[in-house]
Amino acid sequence: MRNFKELDIWKESRILVKDLYLLTNDLPQEEKFGLISQIRRCVVSIPSNIAEGSAKDSQKDFLRYLQISLGSSFELETHLLLCIDLDFLKLENTQIHLITLERIQKRISSLIKYVRTQI
């Protein structure tokens, strides 16, 4: 069992959760059960799957949860880009979150590569 609370990627993704919850408050209310819900579920999934995977007994299981977390991050990126396309969010207000998300994606990918070497 790993201590997920010591993982920088988990800490950074928790900050992104808070930031995107605040950002989604600016989306139209008619998106409450659409994009707002999807964005919030995706962003929460990132640190949650890292934490859940860290409790698994095998590196193979941990790897699986890291891959789920990475998938959620790409899904989240798509939702944010769609919000920009639909003029729900401005690129300049979203760019910092997209940069943070890209950094998180790279770090999860690096962790996945490392865990693969341990299998």
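Use the structure listed above.
Only a predicted model underlies this, so the values are computations on that prediction, with no experimental measurement involved.

Q: Where do I start with the packing of helix H1 (residues 8-24) against helix H4 (residues 91-117) in this structure?
A: Helix packing geometry: the angle between the two helix axes and the distance between the axes. Contact pair H1 / H4: the axes reach a minimum separation of 10 Å and the direction vectors enclose 155 degrees. As judged from the angle between their axes, H1 and H4 are roughly antiparallel. Pair H1 / H4 crosses with left-handed handedness. On the side of H1, the interface is formed by Asp8, Ile9, Glu12, Ser13, Leu16, Asp19, Leu20 and Leu23, while H4 contributes Asn93, His97, Thr100, Leu101, Arg103, Ile104, Arg107, Ile108 and Leu111. Here the contact of H1 with H4 is composed, by residue class, of 8 nonpolar, 4 polar and 5 charged.

Q: Explain the side chain of Ser54 to me, please; I cannot follow it from the model alone.
A: Looking at the secondary structure, you find Ser54 in helix H2 (residues 35-54). There is a polar contact of 2.7 Å between the side chain of Ser54 and the backbone oxygen of Ala51.

Q: I would appreciate a short explanation of the packing of aromatic side chains in the present structure.
A: How two aromatic rings sit relative to each other is set out by the distance from centre to centre and by the angle between their planes. Summed over the entire model, instances satisfying the criterion amount to 1 aromatic pair. An angle of 75 degrees between the planes, with centres 4.9 Å apart, marks the rings of Phe4 and Trp10 as edge-to-face. For Phe4, a relative accessible area of 22% gives the class partly exposed. Residue Trp10 is classed as buried on the basis of its relative accessible area of 12%.

Q: Just to check I follow, could you spell out the state of the cysteines for this structure?
A: Working definition of a disulfide: a covalent bond connecting the sulfur atoms of two cysteines. Applying the stated rule across the entire model yields 0 disulfides. The structure places no disulfide on Cys42, whose sulfur is separated from the nearest cysteine sulfur, that of Cys83, by 11 Å.

Q: Looking at this model, I keep getting lost on H2. Mind explaining?
A: Turn by turn, an α-helix covers 3.6 residues, leaving residues three or four places apart pointing in a common direction. A rise of 1.5 Å per residue sets the reference length of H2, with its 20 residues, at 28 Å; its end C-alpha atoms lie 29 Å apart and thus fit the reference within 8%. Where H2 bends most, at Ser45, the angle is about 30 degrees, and the proline Pro47 comes one to four residues later. H2 sits mainly inside the fold: 14 of its 20 residues count as buried.

Q: Explain the nonpolar core here, please?
A: The nonpolar side chains of soluble globular proteins are, as a tendency, buried together. Core analysis: the biggest nonpolar cluster contains 31 residues, and Leu76, Leu80 and Ile108 have the highest contact counts within it. Contacts of Leu76, omitting those with residues within four sequence positions, involve Leu16, Leu20, Ile39, Cys42, Val43, Ile46 and Leu101.

Q: Quick question: what am I supposed to make of helix H3 (residues 59-85) here?
A: For H3, with 27 residues, the first-to-last C-alpha span of 39 Å sits near the 39 Å given by 1.5 Å per residue. Asp87 sits one or two positions beyond H3 and adopts a positive phi of about 60 degrees.

Q: Got a minute to help me understand the pattern of salt bridges in this structure?
A: Opposite charge on two side chains allows them to pair when their charged atoms are near. In this structure the tally under the stated criterion is 5 salt bridges. Between Asp8 and Lys11 there is a salt bridge, with the nearest N and O atoms lying 4.0 Å from each other. You can see Asp8 and its partner Lys11 sitting in helix H1, 3 residues apart, about one turn around the helix. Given a relative accessible area of 39%, Lys11 falls into the partly exposed group. The partner of Asp8 in a salt bridge is Arg107, and the shortest N-O contact between them spans 3.8 Å. On the criterion of sequence distance, the pair formed by Asp8 in helix H1 and Arg107 in helix H4 is long-range, its members being 99 residues apart. Given a relative accessible area of 34%, Arg107 falls into the partly exposed group.

Rules and cut-offs
- Residues numbered from 1 in each chain as written.
- Predicted model: local features only at pLDDT ≥ 70, side-chain atom pairs only at ≥ 80, totals over all residues.
- Heavy atoms only, no water.
- Axes fitted to C-alpha atoms, helices over the stretch in contact; angles between N-to-C directions.
- Helix = DSSP H or I, 4+ residues; strand = E, 2+ residues; numbered from the N terminus.
- Parallel < 35°, antiparallel > 145°, perpendicular 65-115°, else oblique.
- Left-handed = near helix turned anticlockwise from the far one by under 90°.
- Contact = heavy atoms within 4.5 Å.
- Nonpolar A, V, L, I, M, F, W, Y, C, P; charged D, E, K, R; others polar.
- Polar contact = N/O pair within 3.5 Å; in protein donor to acceptor, adjacent residues only side chain to side chain.
- Phe/Tyr/Trp six-rings, centres within 6.5 Å; stacked < 30°, edge-to-face > 60°.
- Buried < 20%, exposed > 50% of the residue type's maximum accessible area, 1.4 Å probe, protein only.
- Disulfide = S-S within 2.5 Å.
- Expected span 1.5 Å × (residues − 1).
- Bend = angle between axes of the 7 residues up to and from the residue.
- Core = buried A, V, L, I, M, F, W, Y, C linked by side-chain atoms within 4.5 Å.
- Salt bridge = Lys/Arg side-chain N within 4 Å of Asp/Glu carboxyl O.

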